Amino acid sequence: MHSSFLPIMHFLLVVVLITPAHNTVDNNPSHPISLDDDPSLFPGHLEPLGSKQPKKDIEVLTAYPSPQEYFLKYIRPGRPFLLKGGAKYQKAYKVWNDDYFMSFEAAKYENVQVEPNKKEIREAQGFVTSFKDFVQRYGKEKIYMVNKVPSFLQKDVMMPPPLRCKNTRNLMLDHVTWMSSGGTKSVLHQDDLDNINCLFRGEKDLLFINPIKYGSKVPIDRPKGGYSSLDVDKVNFTKFPSLREVEYINCHMEEGDCLFIPRGWYHQVNSKANAQNQNIAVNIWFRHNPRHMPEDCNLPEDEASLNHYYFPGMESLHIRDDGDGGKEDDDDDEDETEEEGDEEHSMLKLMMWSLTQTKYGRASFKTFTSLLKRIPNFVSDEDISHVELDENFLNVARMVFNKLNVDGNKFINGDDFKKIYQNTDQVDEIEIFVSAQMRNLQLIAASLLHQQPKPDPSMDEPPNTATRDEAPQINDEKQSAKDEL
């Protein structure tokens, strides 16, 4: 080759090497798909939940923590764990099988609630049958028992050791048996209660999402039931693009394992049967009380089975779950209808009311975050006025503020809510969105409160320490110029 062509060839070679490639879909790591690309190109689109997203394993313990350690290190910060072999000492683990169930005469007469689908459909109508009939059918039909532990089997199931304290009894709410021939799939959901689940037969695989880190990314579009409408077998990133940014915690349960699921943690559950075609688990639901400190925990083993405990049931919380709970007395139907009407758009009404706590009936973003901190029970039932809000809290608060600020100016005011209510399609969508994000703010606030405990009131405070957030009313006129939107 003529020497005069060498500089030209060298230049062309350099151009080829440094010219950026088009962002195409292939398996070459030098051509990654980014969040700026079409969501349908992202790995995992139309595949099972979490199939291509980053995962890390759940914390694994080999022994239960003490009751005090359990509430301090796991309940308060919301920290899930898997306890290997935590149920193997229980009679249920040792003896439960179909022949054992059928040996009870009471199995003929005690009725249970049965779901008609193994893939959970919250709107599906279940049915009631005898426990004996269910046991005879569940190995051959796609049905799933979700019911209290039958009374004659409660002696076989033990209260988990961290909950066996005298002053912890009043936190107990309900127990549920989950029984099938495997192959069940739950929706992606969260619960407002703490939960210990013990697996006696089969296997379970769970995916968790930390609500404090990723709460704003999880599409809980059915807030009354605390679940998402997404198809867990074919996740549509075009419809739910924020799920591409989520990191999952993976948990695999085997027979005899127990699992702690903290309040508010998003999770999705898949079950698999054992060789005897069984998958059976029991969970204990109890009220979330991060301030609880267990006392008097020396309960004898023979008094620790479920039949020695009182469980008031979900009804005691007065929860209306998708209109399922009604009053027994027909004379109260009119009152019930009025109550339901009052609850419509309850979160938007609460937001409107919060503006009355400001001097000019409006809120900049700075004022809005101040309202979140200082109005009792808005995001916490504890005083959080001393808490320094972190980036997670402020990001979610900003999402709520922007959703309510339909005018797009510096303030949320009455005009925004007039426009929201004028659009009947929009008002329902905004109520759902704001309700879901307020739930996330509650979880983040609880975590911050755990990290930043309230100062000791016995310590002397310097004079004149009142902040603007603590003032009876907030003057937006003087502060709005400093607000940053």
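Look a little higher up for the structure.
Everything in this summary refers to the structure shown in the same document. Everything numeric in this text was worked out from a predicted model, so none of it was measured. (Residues numbered from 1 in each chain as written. Predicted model: local features only at pLDDT ≥ 70, side-chain atom pairs only at ≥ 80, totals over all residues. Heavy atoms only, no water.)

## With respect to the side chain of Gln437
Thought 1: Inspection of the secondary structure puts Gln437 in helix 12 (residues 424–451).
Thought 2: For Gln437, a relative accessible area of 4% gives the class buried.
Thought 3: Each residue touching Gln437, except ones within four places of it in the same chain, is listed here: Gly215, Ser216, Val396, Met399 and Val400. (Helix = DSSP H or I, 4+ residues; strand = E, 2+ residues; numbered from the N terminus. Buried < 20%, exposed > 50% of the residue type's maximum accessible area, 1.4 Å probe, protein only. Contact = heavy atoms within 4.5 Å.)

## Quick word on the sheet that holds strand 12 (residues 266–272)
Thought 1: Reading across from one edge, 1-10-9-12 is the order of the four strands in this open sheet, with mixed pairing throughout. Edge strands, defined here as strands with exactly one partner in the open sheet, are strand 1 (55–57) and strand 12. Neighbour to neighbour, the strand axes of the sheet diverge by 25 degrees on average, direction disregarded.
Thought 2: Where strand 9 (residues 203–209) meets strand 12, seven bridges bridge the pair, whose relative direction is antiparallel. Residue pairing across strands places Leu207 opposite Gln268, the latter belonging to strand 12. (Pairing = 2+ DSSP bridges. Axes fitted to C-alpha atoms, helices over the stretch in contact; angles between N-to-C directions.)

## Structural notes on the sheet that holds strand 6 (residues 144–147)
Thought 1: The nine strands are arranged 2-3-11-8-13-7-6-4-5 in an open sheet whose pairing can be described as mixed. At either end of the open sheet lies a strand with only one pairing partner, and these are strand 2 (60–61) and strand 5 (127–130).
Thought 2: Bridging between strand 7 (residues 172–180) and strand 13 (residues 279–286) involves eight bridges; their strand directions are antiparallel. In the strand pairing of strand 13, Met172 is matched with Phe286.
Thought 3: Each of strand 2, strand 3 (81–83), strand 8 (194–201), strand 11 (258–261) and strand 13 touches helix 2 (residues 67–75); the most contacted strand, strand 11, lies at about 55 degrees to it.

## Considerations on the packing of aromatic side chains
Thought 1: Inspection of every chain in the model, using the stated rule, returns 20 aromatic pairs.
Thought 2: Aromatic side chains Phe42 and Phe237 sit 6.0 Å apart centroid to centroid with 85 degrees between the ring planes, which places their arrangement in the edge-to-face category. Pair noted here: Phe42 is in the loop between helix 1 (6–18) and strand 1 and Phe237 is in the loop between helix 6 (211–214) and strand 10 (248–253), with a separation of 195 residues, a long-range link.
Thought 3: On the basis of relative accessible area, Phe237 is assigned to the buried category, the value being 2%.
Thought 4: With a centroid separation of 5.1 Å and an interplanar angle of 85 degrees, the aromatic rings of Tyr100 and Phe104 are classed as edge-to-face. The exposure classification of Tyr100 matches that of Phe104, with both residues buried.
Thought 5: Among the aromatic side chains, those forming a connected cluster through ring pairs are Trp96, Tyr100, Phe101, Phe104, Phe131, Phe152 and Phe200. (Phe/Tyr/Trp six-rings, centres within 6.5 Å; stacked < 30°, edge-to-face > 60°.)

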